[in-house]
2 protein chains.
Amino acid sequence: MSVRTLRIGLCGLGTVGQGVWKHLTADRPELEARLGVKLELARGAVRNPKKRRSVRIPASKLTTDALAIARDPSIDIVCELVGGTDLAREITLEALRRGKVVVSANKALICAHGAEIFATAREHGGRFLFEASVAGGIPIIKALREGLVANRFPLIYGILNGTCNYILTQMEERDAPYTQVLGDAKRLGYAEADESLDVEGWDAAHKASVLAYLAHGVWVRPEQMIVEGIARITPADFKNANALGFGIKLLAVIWRDFETNELSVRVHPTLLPESHVVAKVNGVFNAISVQGDVVGTTLYIGRGAGQDATASAVISDIVDAVALLRRQKGEMIDGDFIETTARRQAPPRIAPPEHIEGRYYLRLTVEDKPGVLSAIAAVTARQHVSIASVIQSPAERAGAASLVLTTHRSNERALRNTIARLRRLRPVLEEPVLLRIAEFPE
Amino acid sequence: MSVRTLRIGLCGLGTVGQGVWKHLTADRPELEARLGVKLELARGAVRNPKKRRSVRIPASKLTTDALAIARDPSIDIVCELVGGTDLAREITLEALRRGKVVVSANKALICAHGAEIFATAREHGGRFLFEASVAGGIPIIKALREGLVANRFPLIYGILNGTCNYILTQMEERDAPYTQVLGDAKRLGYAEADESLDVEGWDAAHKASVLAYLAHGVWVRPEQMIVEGIARITPADFKNANALGFGIKLLAVIWRDFETNELSVRVHPTLLPESHVVAKVNGVFNAISVQGDVVGTTLYIGRGAGQDATASAVISDIVDAVALLRRQKGEMIDGDFIETTARRQAPPRIAPPEHIEGRYYLRLTVEDKPGVLSAIAAVTARQHVSIASVIQSPAERAGAASLVLTTHRSNERALRNTIARLRRLRPVLEEPVLLRIAEFPE
Ligand SMILES: NC(=O)c1ccc[n+]([C@@H]2O[C@H](COP(=O)([O-])OP(=O)(O)OC[C@H]3O[C@@H](n4cnc5c(N)ncnc54)[C@H](OP(=O)(O)O)[C@@H]3O)[C@@H](O)[C@H]2O)c1
Ligand SMILES: NC(=O)c1ccc[n+]([C@@H]2O[C@H](COP(=O)([O-])OP(=O)(O)OC[C@H]3O[C@@H](n4cnc5c(N)ncnc54)[C@H](OP(=O)(O)O)[C@@H]3O)[C@@H](O)[C@H]2O)c1
């Protein structure tokens, strides 16, 4: 019996692409023996073929035309590792239209064009695999789609951005301000030159969107989420949080109420009880807590990015691609590949802010004079936001005080209104800082 | 196109079997729509058909002849949920010989007869799936076999027995002795009437054997492992451990040295640094830390047992079984199903005790009189075991003292010899208690 050769094209040989090339080259004999096929790293696309790379790639295999790889009829598996949402989209759609399997690590692409990508895959019998797009080497996509297939997911939350977690961990450990830690993180390669996608929460939002689709079958755009970053957190916030028994993590939260059929997806810095396992997940590590209605809570922790961890995930998708491709084309059945584990019920609506409940931490920088607290308390009372605790301390700014309020259970609408009104109070000197207090079960 | 019906037989309708029946009945329409097949819960085998069960099962579907289900040509998927290793083995082999897919939660069976089971599956084109056998609802088998397929595994360790973890957690929290906590655990249903399989470490050893096969391709029998239980741990051990900055967990450890090609599998109570995430995993929860050579460390936490969590895992295997069965028989290729992720290199040898290194905690109950410590120190020095710290305190027993030694790095052989000699010292009044100190990376 002749052994089939499957040809792989890598569009993009940057951080991730080179990792895939390196590890796949090392693993190839092993994987071939195990899978019963030959695997050929057939072609690679880059912007600059002259660039020095950490892996040896024959010049004859390199092209600057990534779309040529997507269209090449001899290529079975296309890895889209160029990043961005324009060329990446074209590569993906061109390959799927030809019934190929596309493997991608690109959460921004999936968040922006996931609906179109999956529709194209369905129409043309292509397959789109994306384990590496969320939480690097942690096989969370496979866990949700296959391992936990018997479950519905009322709550998924976690640390999805390693850069932010690194910065927050360093701020807390070194008692250092955000800008200083960010600068160090850039020098050490833990943050990109343009950090905004990470620190403003957009990268985590893209990943939350991917998980929300997988779990609930709807595409939630970042504009429909609450997305808040970490740039306004100060060392004082860590001290206040610690005094209250909490740590601070940037969490993505995907919450579904199956009674009302409402869904909320949000990304925000969150006070987590210090004893919570997720509060112990430090540095560049990611963590995802999944509440399943049958299995209960399972938690997954690991490196969320980096060349090797991401390559590990891409290679696992390539192995799954081999299993899909070994069957005859006509035989690929819908159920071969579960696009979303959402039940075939009415898709959820986005929950309005007044239905998103929780407790809050609010830090205000105010004039240090009598009567200020009572003016603030009058505002919160009018919004039915009930105060649980107050910590007052000198602010960095001369003549100012820092007021930290925690609230009893309230909701996003009430807090939004509260902040809008607090902003207009004369003694409130700076934009209020609002953090959420987690009320998740362990 | 006519939709194929796949018929499922459940051998055993106890805790797990009834959970599978319940959730599969609830999920069936959903799974059928998603998978493109009909699923029929066709038959169930029990010892006593008159027993009241929590699910309604038509009498016509029940039999007391579990082997008849395994042999029934109309049954495609056989779930072996009877437990034990005799009937369970027969059911499994009979079904595999007929090319069926067998789904099992039975780690004792796999540990005892795994080699025969997988050989039978290979010979006859059957498939054996066992996600539920380790760590309940955590999809750890799928993670190792598929999600982390690009990795080799120098170290896998974790909390694999929920009963022991519950007992240890309660002992620490309530400062209560082992026998009292065990009694309470039995009353609350967290421990079996015969607790020995759990508390002596055998259940965790069975699970470690399953993971070791998956990762390294060799069957390690419990007799080839170091297996120590939790029965001799006292509240004083928790106090001593805490004073040294540790918690105590029953860990299974699967360690492979790829240089020397040696493997060690062991189960023993272990001092873990309090700050270690696994040290925070309390109650009936399981945790598995997997070190992959490409991905780094990933960690998985969740409920390790119980009707629902285990059913979640069995159902995910049934869904995988559907994917395997939908292909024509002749088409099932070896690579469809990866039995072990071990590389095709020489299988590892079992590491001799002198190659298993680490630090140790040794508690001795000794006569409270001068010269005892120096006699003990002479013994350890002769075995080249170097003492790192000593805590002396009054023992419960009158006229006795408790001596807690921690060692610098040593090995199992040296400690075994040390203990054999200490036992013979007249002032040593009781069997020494030896705990390992974890030296794992986070
Ligand atoms: N880095 C991580 O740790 C990580 C983790 C998870 C997911 N991801 C995702 O993985 C994807 C790739 O990330 P990365 O870090 O590997 O990016 P990168 O280092 O910037 O690499 C991008 C690669 O694409 C090539 N490329 C860009 N534009 C091209 C064009 N027009 N034509 C041909 N080739 C082009 C580049 O060529 P040159 O080399 O010639 O410039 C480079 O090889 C992104 O979607 C990212 O979000 C990354
Ligand atoms: N319980 C858990 O949380 C858990 C978790 C993970 C894995 N597991 C594994 O799952 C397996 C099943 O455990 P379980 O807790 O469900 O056990 P169980 O409650 O004792 O149920 C065993 C079932 O098998 C039936 N059975 C026993 N002997 C039989 C015979 N000779 N002929 C026909 N039927 C027979 C029993 O019938 P009757 O009902 O009539 O007595 C009962 O329905 C075991 O291998 C266990 O290690 C259990």
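Please read all numbers here as calculations on a predicted model, not as lab measurements. Numbering of residues begins from 1 in every chain and follows the order in which that chain's sequence is written. Think of it this way: whatever chain is written first is A, whatever ligand is written first is 1, and the rest follow in order. Selection of residues for local features in this predicted model requires a pLDDT of at least 70, selection of side-chain atom pairs for listing and counting requires 80 or more, and totals for whole chains, interfaces and linings are taken over all residues. Calculated side-chain values reflect all of the structure's heavy atoms, with hydrogen atoms and water omitted.

Things to note about the interface of chain B and chain A
The extent of an interface is frequently quoted as the accessible surface area lost upon association of the parts.
Line of reasoning, step 1. Contacts between the two partners involve 49 residues from chain B, matched on the other side by 49 residues from chain A.
Line of reasoning, step 2. Salt bridges are identified by distance alone: a Lys or Arg side-chain nitrogen within 4 Å of an Asp or Glu carboxyl oxygen. Put simply, chain B and chain A have two salt bridges between them.
Line of reasoning, step 3. Between lysine 142 of chain A and glutamate 146 of chain B there is a salt bridge, and its shortest N-O distance comes to 2.7 Å.
Line of reasoning, step 4. Listed by contribution, the elements that provide at least two residues to the side of chain B that touches chain A are helix H1 (15-35), helix H5 (140-147), strand S12 (296-303) and helix H11 (307-326) of chain B.
Line of reasoning, step 5. Where helices and strands are cited, they refer to DSSP runs of H or I of at least four residues and of E of at least two residues respectively, numbered from the N terminus. If you tally residues by element for the side of chain B that touches chain A, the top one is S12 of chain B, at eight residues.
Line of reasoning, step 6. Both strand S12 (residues 296-303) of chain A and S12 of chain B contribute to a ladder of three bridges, which runs antiparallel. Paired with tyrosine 300 of chain A across the bridge in S12 of chain B is tyrosine 300 of chain B. For this analysis, residues touch if any pair of their heavy atoms sits within 4.5 Å. Note on pairing: DSSP must find at least two bridges between two strands before they are called paired.

A short note on the sheet that holds strand S1 (residues 5-11) of chain A
Residues and elements named next belong to chain A.
Line of reasoning, step 1. With respect to topology, six strands assemble into an open sheet ordered S3-S2-S1-S4-S5-S6, the strand pairing being parallel. On the outer flanks of this sheet lie strand S3 (62-63) and strand S6 (127-129), each paired with one strand and no other.
Line of reasoning, step 2. As defined by bridge partners, strand S5 (residues 101-104) adjoins S6 across three bridges and the pair is classed as parallel. Among the inter-strand pairings, valine 101 is bridged to a residue of S6, identified as arginine 127.
Line of reasoning, step 3. Each axis is a line fitted through C-alpha atoms, taken for helices only over the stretch in contact, and angles between the N-to-C directions span 0 to 180 degrees. The strands touched by helix H1 (residues 15-35) within the sheet are S1 and strand S2 (38-45), with S2 carrying the most contacts at an inclination of about 165°.

Focus on the nonpolar core
Line of reasoning, step 1. Judged by nonpolar contacts, the single largest core of 162 residues is most densely connected at Ile140 and Ile167 of chain A together with Ile140 and Ile167 of chain B.
Line of reasoning, step 2. Setting aside anything within four residues of it in sequence, one finds isoleucine 167 of chain A in contact with Tyr178, Val181, Leu182, Ala185, Val199 and Ile230 of chain A. Think of a nonpolar core as a cluster: buried Ala, Val, Leu, Ile, Met, Phe, Trp, Tyr and Cys residues, connected wherever their side-chain atoms sit within 4.5 Å. Each residue is placed in one exposure class: buried if its accessible area under a 1.4 Å probe, protein chains only, is under 20% of its type's maximum, exposed if it is over 50%, and partly exposed if it falls in between.

Comments concerning the pattern of salt bridges
Residues and elements named next belong to chain A.
Line of reasoning, step 1. Within the structure shown, the criterion is met by 60 salt bridges over all chains.
Line of reasoning, step 2. Glutamate 116 is the partner of arginine 89 in a salt bridge, and the nearest nitrogen-oxygen pair spans 2.8 Å. Placement of arginine 89 in helix H3 (residues 87-97) and of glutamate 116 in helix H4 (residues 107-124) is noted, with a sequence separation of 27 residues between them.
Line of reasoning, step 3. When its relative accessible area of 26% is taken as the criterion, arginine 89 is described as partly exposed.
Line of reasoning, step 4. We note a salt bridge from lysine 107 to aspartate 203, for which the minimum N-O separation is 3.8 Å. In this pair, lysine 107 is assigned in helix H4 and aspartate 203 in helix H9 (residues 202-216), connecting sequence segments 96 residues apart.

Things to note about the sheet that holds strand S4 (residues 77-80) of chain B
Picture the strands of a sheet paired through backbone hydrogen bonds; they go either parallel or antiparallel.
Residues and elements named next belong to chain B.
Line of reasoning, step 1. One open sheet holds the six strands; their spatial order is S3-S2-S1-S4-S5-S6, and the pairing between them is parallel. Sheet topology places strand S3 (62-63) and strand S6 (127-129) at the edges, where each strand pairs with a single neighbour.
Line of reasoning, step 2. By the bridge criterion, seven bridges tie strand S1 (residues 5-11) to strand S2 (residues 38-45) in an arrangement that is parallel. Note on S2: the bridge partner recorded for arginine 7 is glutamate 40.
Line of reasoning, step 3. Along the sheet, H1 makes contact with S1 and S2, crossing S2 at roughly 165°.
Line of reasoning, step 4. Each of S1, S2, S4, strand S5 (101-104) and S6 touches H11; the most contacted strand, S4, lies at about 155° to it.

Regarding the packing of aromatic side chains
All names here are of chain A.
Line of reasoning, step 1. The aromatic pairing rule takes the rings of Phe, Tyr and Trp, using the six-membered ring of Trp, and pairs them if the centres are within 6.5 Å, calling planes under 30 degrees apart stacked, those over 60 edge-to-face and the rest tilted. On inspection of all chains with the given rule, the structure shows 17 aromatic pairs over all chains.
Line of reasoning, step 2. A connected cluster of aromatic rings, assembled from ring pairs, spans Phe118, Phe128, Phe130, Tyr213 and Trp219.
Line of reasoning, step 3. Taking NZ or CZ as reference, arginine 152 lies 4.2 Å from the ring centre of phenylalanine 258, over its face. Both a distance and an angle decide whether a charge sits over a ring: NZ of Lys or CZ of Arg must be within 6 Å of the ring centre and within 35 degrees of the ring normal.

Looking at the UniProt feature "domain: ACT" (unreviewed entry) in chain A
Line of reasoning, step 1. UniProt positions are given in the numbering used here, feature names are shortened, and annotations may be inferred rather than shown by experiment. In the UniProt entry, the feature "domain: ACT" (unreviewed entry) is given for residues 361-436 of chain A.
Line of reasoning, step 2. The distance from the first to the last C-alpha atom of residues 361-436 of chain A is 6 Å, and the span holds 32% helix and 38% strand.

Details of the domain arrangement of chain A
Line of reasoning, step 1. Domain delimitation follows an automatic or database domain assignment. If you check the domain split of chain A, you get domain 1 (5-129), domain 2 (141-305) and domain 3 (357-437).
Line of reasoning, step 2. If you average the C-alpha positions of domain 1 of chain A and of domain 3 of chain A, the two centres end up 51 Å apart.

Brief notes about the site of ligand 2
All names here are of chain B.
Line of reasoning, step 1. Val16, Asn48, Lys51, Arg53 and Gly306 are the nearest of the 23 residues found near ligand 2.
Line of reasoning, step 2. What qualifies as a polar contact is a pair of N or O atoms within 3.5 Å, subject to a donor-acceptor requirement within protein and to the restriction that residues adjacent in sequence count only when both atoms come from side chains. Interatomic distance of 2.9 Å between a backbone N/O atom of threonine 15 and an oxygen atom of ligand 2.
Line of reasoning, step 3. The separation between an oxygen atom of ligand 2 and a polar side-chain atom of arginine 53 is 2.7 Å.
Line of reasoning, step 4. Computed with a 1.4 Å probe, the accessible areas rest on the Shrake-Rupley method; for each residue, only the protein chains presented here act as cover. A total of 910 Å² of accessible area belongs to ligand 2 in isolation, and the protein chains cover 78% of it. For each residue, the test is whether any non-hydrogen atom lies within 4 Å of the molecule or strand; if one does, the residue is near.

A word on the pairing of S12 of chain B
Residues and elements named next belong to chain B.
Line of reasoning, step 1. Within S12, seven of the eight residues are buried, which leaves it mostly tucked inside the rest of the structure.
Line of reasoning, step 2. Here eight bridges tie strand S11 (residues 285-292) to S12, and the two strands are oriented antiparallel to one another. Residue pairing for S12: glutamine 291 is matched across the bridge by threonine 297.
Line of reasoning, step 3. Between the antiparallel neighbours S11 and S12 lie three residues.

Side note on the packing of helix H3 (residues 87-97) of chain B against helix H4 (residues 107-124) of chain B
Residues and elements named next belong to chain B.
Line of reasoning, step 1. Where H3 meets H4, the closest approach of the two axes is 9 Å, and the angle between their N-to-C directions is 15°. Between H3 and H4, the crossing angle belongs to the class labelled roughly parallel. Relative to H4, H3 is oriented so that their crossing is right-handed. Between H3, through Ala88, Arg89, Thr92, Leu93, Leu96 and Arg97, and H4, the contact on the second element is made entirely by Leu109, His113, Glu116, Ile117, Thr120, Ala121 and His124. Each angle gets one of four labels, with under 35 degrees taken as roughly parallel, over 145 as roughly antiparallel, 65 to 115 as roughly perpendicular, and the rest as oblique. Two helices that cross are described as forming a left-handed crossing if the nearer one is turned anticlockwise from the farther one by less than a right angle, and a right-handed crossing if clockwise.

Description of the confidence of the model for chain A
All names here are of chain A.
Line of reasoning, step 1. Per-residue confidence for chain A gives a mean pLDDT of 94; residues scoring 70 or more make up 97%.
Line of reasoning, step 2. The predictor's confidence in any single residue is recorded as pLDDT, a number from 0 to 100. With pLDDT under 50 throughout, residues 330-334 is counted as low confidence; its partners more than four residues away or in other chains account for eight contacts.
Line of reasoning, step 3. Both scores are available for the predicted complex, with the pTM at 0.95 and the ipTM at 0.94.

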